[in-house]
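So the chains spell out like this:
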Amino acid sequence: MKKVVKFGGSSLASAEQFKKVASIIKAEDTRRYVVPSAPGKRFASDTKVTDMLYQCYDLVEAGKDVTPLLGKIESRYEEIIKGLGLKLSLREEFVKIKEDLLNKAGEMYAASRGEYLNGMILADYLGFSFVDAAELIRFHEDGTLNAEKTNELLKESLSAIEYAVIPGFYGSFEDGSICTFSRGGSDITGSLVAKAIHADMYENWTDVSGFLVVDPRIISNPEIIEVITYRELRELAYMGASVLHEDAIFPVRKEGIPINIRNTNSPEDKGTLIVESTCRKSRYTITGIAGKKGFASINVDKDMMNSEIGFCRKVLSVFENNGLSIEHMPSGIDTMTIFVQQSEFEEKEQQVISGIHRSVQPDVVEMESDLALIAVVGRGMKQTRGTAGRIFSALAHARVNVKMIDQGSSELNVIIGVKNSDFETAIRAIYDIFVTAQI
Ligand code: ASP
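Residues numbered from 1 in each chain as written. Predicted model: local features only at pLDDT ≥ 70, side-chain atom pairs only at ≥ 80, totals over all residues. Heavy atoms only, no water.

Caption draft 1: Region of the structure containing helix 6 (residues 147-158). Taking 1.5 Å of rise per residue, 12 residues should cover 16 Å, and helix 6 covers 16 Å from first to last C-alpha, within 8% of that figure. Within helix 6, burial applies to Thr-150, Asn-151, Leu-153, Leu-154 and Leu-158. Take helix 6 and look down its axis: the buried residues cluster within an arc of 165 degrees, on one side only. More than 90 degrees from the buried face of helix 6, the exposed residues found are Glu-148 and Glu-156. Where the residues of helix 6 are buried, they touch strand 2 (31-36), strand 4 (164-165) and helix 7 (186-196). (Helix = DSSP H or I, 4+ residues; strand = E, 2+ residues; numbered from the N terminus. Expected span 1.5 Å × (residues − 1). Buried < 20%, exposed > 50% of the residue type's maximum accessible area, 1.4 Å probe, protein only. Arc of directions from axis to C-beta. Contact = heavy atoms within 4.5 Å.)

Caption draft 2: Structural context of the environment of Ile-356. Residue placement: Ile-356 occurs in helix 11 (residues 342-360). As a C-alpha pair, Ile-356 and Ile-416 span 60 residues in sequence and 25 Å in three-dimensional space.

Caption draft 3: Local environment of the site of the ligand. By nearness alone, every residue bordering the ligand is listed as Ser-37, Lys-48, Thr-50, Glu-115, Phe-169, Arg-183, Gly-184, Gly-185 and Ser-186. Here Gly-184 contributes a backbone N or O atom positioned 2.8 Å from an oxygen atom of the ligand. Contact with the protein chains hides 92% of the accessible area of the ligand, taken as 260 Å² for the molecule alone. Broken down by class, the residue content of the shell around the ligand amounts to 1 nonpolar, 5 polar and 3 charged. (Near = heavy atom within 4 Å. Polar contact = N/O pair within 3.5 Å; in protein donor to acceptor, adjacent residues only side chain to side chain. Areas by Shrake-Rupley, 256 points an atom, 1.4 Å probe, with all protein chains shown as cover. Nonpolar A, V, L, I, M, F, W, Y, C, P; charged D, E, K, R; others polar.)

Caption draft 4: Just the sheet that holds strand 7 (residues 201-206), in detail. Strand order in the open sheet formed by 8 strands is 3-4-2-1-7-9-10-8, and the pairing between neighbours is mixed. One side of each edge strand has no neighbouring strand; the edge strands of this open sheet are strand 3 (129-130) and strand 8 (227-229). (Pairing = 2+ DSSP bridges.)

Caption draft 5: Layout of the packing of aromatic side chains. Under the criterion given, the structure shown has 5 aromatic pairs. Note on Tyr-77 and Phe-94: the rings are 6.2 Å apart at their centroids and 55 degrees apart in plane angle, and the pair reads as tilted. Here Phe-94 lies in helix 4 (residues 91-102) and Tyr-77 lies in helix 3 (residues 67-84), a separation of 17 residues in the sequence. Comparing Tyr-77 with Phe-94, the two get one shared label, buried. Between Phe-128 and Tyr-163 the ring centres are 5.1 Å apart and the planes differ by 45 degrees, which places this aromatic pair in the tilted class. Of this pair, Phe-128 sits in the loop between helix 5 (107-126) and strand 3 while Tyr-163 sits in the loop between helix 6 and strand 4, and the two are 35 residues apart along the sequence. Looking at Tyr-163, the relative accessible area reads 26%, which means it is partly exposed. Of note, Lys-292 hangs over the ring of Tyr-238, and the distance from its end group to the ring centre comes to 5.2 Å. (Phe/Tyr/Trp six-rings, centres within 6.5 Å; stacked < 30°, edge-to-face > 60°. Lys NZ or Arg CZ within 6 Å of the ring centre and 35° of its normal.)

Caption draft 6: Representation of the sheet that holds strand 16 (residues 413-419) in the model. Taken together, the 6 strands give an open sheet; going across it, the order is 12-13-11-14-16-15, and neighbouring strands pair in antiparallel fashion. Of all the strands in the sheet, just strand 12 (326-328) and strand 15 (404-407) have a single pairing partner and so form its edges. Along the sheet, successive strands turn relative to each other by an average axial angle of 40 degrees, direction set aside. In terms of strand pairing, strand 11 (residues 288-301) meets strand 14 (residues 364-377) through 11 bridges, oriented antiparallel. Within strand 14, the residue paired with Lys-292 across the bridge is Leu-373. Taken strand by strand, helix 10 (residues 311-321) contacts strand 11, strand 12 and strand 13 (335-341), and its axis lies near 20 degrees from that of strand 13. (Axes fitted to C-alpha atoms, helices over the stretch in contact; angles between N-to-C directions.)

Caption draft 7: Examining the packing of helix 3 against helix 4 more closely. Close contact between helix 3 and helix 4 brings their axes to 11 Å; oriented N to C, the two are set at 150 degrees. Between helix 3 and helix 4, the interaxial angle falls into the category roughly antiparallel. Two packed elements cross with a definite hand, and for helix 3 against helix 4 that hand is right-handed. Only Arg-91, Phe-94, Ile-97, Lys-98 and Leu-101 of helix 4 make contact with helix 3, whose side of the interface consists of Thr-67, Leu-70, Ile-73, Glu-74 and Tyr-77. (Parallel < 35°, antiparallel > 145°, perpendicular 65-115°, else oblique. Left-handed = near helix turned anticlockwise from the far one by under 90°.)

Caption draft 8: Quick look at empty space enclosed by the protein. Under the definition given, this model contains 1 cavity of 30 Å³ or more. Computed from the structure, the largest cavity encloses a volume of approximately 40 Å³. If you trace the largest cavity, you find it lined by Phe-211, Leu-233, Ala-237, Ala-241, Ser-242, Val-243, Leu-244, Glu-246 and Ile-249. Across the lining of the largest cavity, the residue classes break down as 7 nonpolar, 1 polar and 1 charged. (1 Å grid on protein atoms, 1.4 Å probe; cavity = no way out; pocket = protein on both sides within 12 Å on 5 of 7 lines; lining within 4 Å. Points joined across faces, edges and corners; volume = space filled by probe spheres on them.)

Caption draft 9: Structural detail: the environment of Thr-387. Inspection of the secondary structure puts Thr-387 in helix 12 (residues 387-397). Measuring from C-alpha to C-alpha, the distance between Thr-387 and Thr-180 comes to 43 Å, with 207 residues separating the pair along the chain. In contact with Thr-387, not counting residues within four places along its chain, are Thr-285, Met-381 and Phe-434.

Take a look at the structure:
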């Protein structure tokens, strides 16, 4: 049994957190490959080291003195080293980082040093080998991951090392210069390592005890999802729920490696298990609820539209030609509605409307703005009768006017459109009927 364990920034923000991390790793000798983030926030108003490093880059670009800020970063690491009682010194590393920054090593190089240094400390503290991610994670010239080469390098290098720390978030181009993933990218590193070494499990340790059924800003202390499939996760993530970087899913999903989201501050909690498929029923009919505000709908009416071959295609081409992506498209006999992001649409509104008139000569085109979409997701909906009925009666009781309903044929989700102002009320009503009422 082999596990890859990734620890997020808040799990490694201080010496005290490092101690928790080490005791988690040492509790199981299967936890062999460790992927750390850079030190995150120690308290709400704190600044992440990665953000400070981006600021360092900006200072250098603006021709300003980077020494004080770099000094602040160095003291954060020193505090950790001291708190752990290590002999390690990062002095020379900081001299080199300053030199490299002044020699224009670039923004991605600057950002990557957070993980690099944290990895060095963690490896020293655990007594594991430190392997620089620049030697293992390879990017194409356009900044996309060279997945094949990366897999090869990881396999080759890690097969010879039993216990290793591999810093997250960055790798290198073919010429050796540093490239990073997008923010939160250490999750991707962990996933790539898990795939390459054929891990049995990818544990992703963070500061919550798993994926929540609903956004805690809307429902305080919501229930935690015990098991979720990749497809359910994708639906919820698309609608704004986030715990994990989206690109972290693909490498492990392909290999059938489960991801376990765990809480460093509460290691006894089982967390959320993300799997390809499961026969384990979710505790409630629904697995999760997520949603986003800020959509507009464009409703196109034309008598006998359904018998006009190519009608939908022509309408959709107008959106495509204006570079607008479509979120949802419920349709009736003589009407079709297109949901788009309001902020993107507003700039192109008139071109789109005239484009629709020109291409399909509709009877009416109507628009509505300030709409929200809510996704109610759950593999359990397929086997349960009356789910849609329960959702709509809950919404009716909460006096929420439903603007749109869209159920995918997979029966994995129901998408509901409501006014932005009804968003929170609608989510609370759905949560109450499926979760609170069942507890
Ligand atoms: N430290 C990076 C960030 O703040 C990457 C990560 O934590 O995954 O985005």
